[in-house]
Amino acid sequence: MGGLKDAAVVILSLAGGVGLGFLWNSMRPADPIELVAGVSVISVGLIYFALISMGKH
């Protein structure tokens, strides 16, 4: 992958993870912030690997 594609994958995965964290926090406001941060970090990783695997075709 080129440098621009790598940057786009990283930006999209960060945006998706942060967005999922905000969604989780708005739907479950009683959850501790550590849980929301954990969901965000795990989802960033999962979205990153999903985007990388889609780009290998």
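The structure under discussion appears in the preceding block.
Starting afresh in each chain, residues are numbered from 1 along the sequence in its written order. Given that this is a predicted model, residues contribute local features only at a pLDDT of at least 70 and side-chain atom pairs are listed and counted only at 80 or more, while totals for whole chains, interfaces and linings are drawn from all residues. Calculated side-chain values reflect all of the structure's heavy atoms, with hydrogen atoms and water omitted.

## Quick notes on the overall build of the protein
In terms of helices and strands, the protein carries 2 helices and 0 strands. Against the 2.2 N^0.38 benchmark of 10 Å for 57 residues, the protein shows a C-alpha radius of gyration of 13 Å, more extended than a compact globule. Projected onto its principal axes, the C-alpha positions of the protein cover 40 × 15 × 15 Å. Think of it in three bands: residues with accessible area under 20% of the maximum for their type are buried, residues over 50% are exposed, and the middle band is partly exposed, with areas taken using a 1.4 Å probe on protein chains only. The proportion of buried residues among the 57 residues of the protein is 19%. Here, Shrake-Rupley sampling with a 1.4 Å probe gives the accessible areas, and only protein chains in the shown set may cover a residue. Accessible area of the protein: about 4,200 Å², with a carbon and sulfur share of 77%. Comment: elements are numbered from the N terminus, with helices defined as DSSP H or I runs of at least four residues and strands as E runs of at least two. Radius of gyration means the value over C-alpha atoms here, while the globule rule gives 2.2 Å times the residue count to the 0.38 power.

## Overview of helix H1 (residues 3-27)
In this model, H1 (25 residues) spans 36 Å end to end at C-alpha, consistent with the 36 Å of a helix rising 1.5 Å per residue. Within H1 the residues assigned to the buried category are Val9, Ser13, Gly17 and Gly21. Contact definition: two residues touch when any of their heavy atoms are within 4.5 Å. Turning to H1, the residues buried within the fold contact helix H2 (33-54). To estimate how far a helix should reach, multiply one less than its number of residues by 1.5 Å.

## Comments concerning the side chain of Ser40
Mapped onto the elements of the fold, Ser40 is located in helix H2. For Ser40, a relative accessible area of 15% gives the class buried. Sequence-distant contacts of Ser40, defined by excluding residues within four places in its chain, comprise Gly17 and Gly21.

## Details of a nonpolar patch on the surface
Like-charged residues are merged into a patch within 9 Å and nonpolar side chains (Val, Leu, Ile, Met, Phe, Trp, Tyr) within 5 Å, provided each residue has over 30% relative accessible area and no salt bridge. By convention in these notes, a salt bridge is any Lys or Arg side-chain nitrogen within 4 Å of a carboxyl oxygen on Asp or Glu. Taken together, the side chains of Val10, Leu14, Tyr48 and Phe49 define a hydrophobic patch exposed on the protein surface, amounting to about 370 Å² of accessible area. Going through the elements one at a time, H1 and H2 are the ones with two or more residues in the nonpolar patch. Its location among the elements puts Val10 in helix H1.

## Let's talk about H2
Between its first and last C-alpha atoms H2 spans 31 Å; for 22 residues at 1.5 Å apiece the expected length is 32 Å, and the two agree. Burial in H2 covers these residues: Val36, Val39, Ser40, Ser43, Val44 and Ile52. On the buried face of H2, the contacting elements are H1.

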